[in-house]
Amino acid sequence: MHFRRLIVALGAFAATPAFGQPAEPLAIVGATVLPMEGPERLTDQTVIVRGDRIEQVGPRSRIKVPANARRIDARGQTLMPGLVDMHIHLSPVNGEAGDAAQRALAVMLAHGVTTARGMAGSPGNLVVRGKIEAGELAGPRLYAAAPALHDKNTPTAEQGREAVRKAAAAQFDLIKSHELSDPLVWQAVADEARKAVIPTAGHVNNAVGLDRAFTAGQQVEHLDGFIAEIVKLVAPGQSLDWGQVPPPPVIATASKVSDTQLAQIAAKAAAARSWQVPTLSLFEKIADVTTPAERLMTNPDFRYVPPQALKQWAAQLGELKEAGYTAADAAAFTELRRRIVKALRDARVPLMAGSDTAQAFQIWGPGLHQEVRALAAAGLSPMDALKAATVVPRDYFRSLPNGGSARGWKADFGTIAPGARADLILLGADPSRNLDALKRPNMVIARGRLFDRPTLDAMLEKVIADANRPAK
């Protein structure tokens, strides 16, 4: 996001024993399974997990449960892959017990997020990534972006190329293009990233434009550049000088776009094989100029947020209203972004769920659930919205050299099938029929390690205590 932000101290529970694999296999018996590939729904299934892999999936009547397995009676419950959040921010700390990054990981894991892509790069994120993989820290598998490149820290093309070389040498997983407004600098970064075989993702300034991003293969965040493309169609010659949230007159102009014109733009994205992370729900919160902070703070999820962070969010809440935004402007902005997403969906452009947390009263875990619901509100079916947070990100990583991982990870998550990584969530109801079922998993399995509901609740209680501890 191109807004003032606070990377809040959300949390993980205190130091845990080594996050290793259980010695015995797991048998999840009698579940309704949403595999995310093939049939939408399989009933009365048994899933066998051994180590960090799914070993077998099949009808309960046909799968023999190993004698030494830990048996989980899942009758009446729904099993689906763990969720993937393609846009989160971790504080630049090392994941020590009770620090901001560790607490954030716990909140995500307790809400079913088993893979995440960190987009606020720092050396600390690499330390956290390593601790998770070494079994020293419980949390989602983390893909880590290099420190974001923007006009202030990357004013020249040569500095852009050098930043990419350093990021690749440090083994970051991707380059984050934040706010590069000089097309020459932006292009130098894109070209050097291609040489270094490291993917790029992030913002697309209006001066750079979608055409360059599509040609370079940059994965686009926030629907950046789409409103500028719309304005070029409906009002040729109009200035494109605005940030990520256009002023009300631009929104009014862009809202005149026809469905046919939107389809033309979406077709360009499809032809370029572009991958999009719309971050709808955060922008809808930022554009909301009517809900007071006092009401937002009543949400129990914000117990995980330090009070000082909530105060800063409350202070920032009125910025758009002060800039002249009305409730009608906010509604028009939201509707325009949803129309763009629907056009992309109709053109079969891959859409991925990213929460862009934590900021603006949106936090890790619940923020991803809200993004899945926002995608459904924009026209995706509930099942397709779930796929945007599971198998579509897997396919994106598979489209990249080295699986999009500096460490050579295979993209083997996002489905329930033999051989897939055992990242699973067990829910009390079928989320493809009611997305609210995501809110409170009965259990989470991350790389074969099971976290039952009492364990998850204990993690969250520790988060609350740590987040609200008085500063020293």
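Residues numbered from 1 in each chain as written. Predicted model: local features only at pLDDT ≥ 70, side-chain atom pairs only at ≥ 80, totals over all residues. Heavy atoms only, no water.

Draft legend 1. Quick look at the overall build of the protein chain. In terms of helices and strands, the protein chain carries 17 helices and 16 strands. Computed over C-alpha atoms, the radius of gyration of the protein chain comes to 22 Å, within 12% of the 23 Å expected from 2.2 N^0.38 for 472 residues, which places it in the range of a compact globule. Overall size of the protein chain, expressed as C-alpha extent along the three principal axes, is 70 × 55 × 45 Å. Counting all 472 residues of the protein chain, 58% fall into the buried class. Looking at the protein chain alone, contacts between residues at least 24 apart form 76% of all its contacts between residues at least 6 apart. Accessible area of the protein chain: about 18100 Å², with a carbon and sulfur share of 52%. Measuring between centres, the 55 positive side-chain charges of the protein chain sit 4 Å from its 47 negative side-chain charges. (Helix = DSSP H or I, 4+ residues; strand = E, 2+ residues; numbered from the N terminus. Rg over C-alpha atoms; globule rule 2.2 N^0.38 Å. Buried < 20%, exposed > 50% of the residue type's maximum accessible area, 1.4 Å probe, protein only. Contact = heavy atoms within 4.5 Å. Areas by Shrake-Rupley, 256 points an atom, 1.4 Å probe, with all protein chains shown as cover. Lys, Arg positive; Asp, Glu negative; His and termini not counted. Charge placed at Lys NZ, Arg CZ, Asp CG, Glu CD.)

Draft legend 2. Examining the packing of aromatic side chains more closely. The tally for this structure, following the rule as stated, stands at nine aromatic pairs. Their ring planes at 65 degrees and their centres at 5.5 Å tell us that W313 and F361 sit as a pair that is edge-to-face. On the criterion of sequence distance, the pair formed by W313 in helix 11 (residues 307-316) and F361 in the loop between helix 13 (327-346) and helix 14 (366-377) is long-range, its members being 48 residues apart. An angle of 75 degrees between the planes, with centres 6.0 Å apart, marks the rings of F397 and F413 as edge-to-face. Placement of F397 in helix 16 (residues 391-398) and of F413 in the loop between helix 16 and strand 14 (424-427) is noted, with a sequence separation of 16 residues between them. The two residues F397 and F413 agree in class, both being buried. Site record: aromatic cluster; members linked through ring pairs are Y143, W275, Y396, F397, W409 and F413. Just above the ring of W409 sits the side chain of R141; from NZ or CZ to the centre is 4.1 Å. Against the face of F283 rests R337, its NZ or CZ located 4.0 Å from the ring centre. (Phe/Tyr/Trp six-rings, centres within 6.5 Å; stacked < 30°, edge-to-face > 60°. Lys NZ or Arg CZ within 6 Å of the ring centre and 35° of its normal.)

Draft legend 3. Representation of the pattern of salt bridges. According to the stated counting rule, one finds 32 salt bridges in the structure shown. As a salt-bridge pair, R394 and E37 come within 2.7 Å of each other at their nearest N and O atoms. Of this pair, R394 sits in helix 16 while E37 sits in the loop between strand 1 (26-33) and strand 2 (42-50), placing them 357 residues apart in sequence. Its relative accessible area of 39% is what places E37 among the partly exposed residues. Put simply, R440 and D457 hold a salt bridge, and the shortest N to O gap is 3.0 Å. Separated by 17 residues along the polypeptide, R440 in the loop between strand 14 and strand 15 (443-446) and D457 in helix 17 (residues 453-467) bring together distant segments of the chain. In this structure D457 comes out as partly exposed when scored by relative accessible area, which is 25%. Connected through shared salt-bridge partners, D52, R53, D412, R421 and D423 make up one network. (Salt bridge = Lys/Arg side-chain N within 4 Å of Asp/Glu carboxyl O.)

Draft legend 4. Representation of helix 9 (residues 280-287) in the model. Across the eight residues of helix 9, seven count as buried, placing the element largely inside the fold. Among the residues of helix 9, L280, S281, L282, F283, E284, I286 and A287 are the ones counted as buried. Check the buried side of helix 9 and you find it contacts helix 12 (319-322), helix 13 and helix 14.

Draft legend 5. Up close: the side chain of T279. Along the chain, the position of T279 falls in the loop between strand 13 (276-277) and helix 9. Apart from the residues lying within four places of it in its own chain, the contact partners of T279 are H87, H222, R337, G354, D356 and E371.

Draft legend 6. Representation of the pairing of strand 15 within the structure. Because side chains alternate across strand 15, one face comprises the buried residues M443 and I445, and the other comprises V444 and A446, equally buried. Of the strand pairs in this sheet, strand 15 and strand 16 (residues 449-452) are connected by four bridges, and their pairing is antiparallel. Within strand 16, the position partnered with A446 by the bridge is R449. Between strand 15 and strand 16, which pair antiparallel in sequence order, lie two residues; one of them, R447, sits at a positive phi of approximately 50 degrees. (Pairing = 2+ DSSP bridges.)

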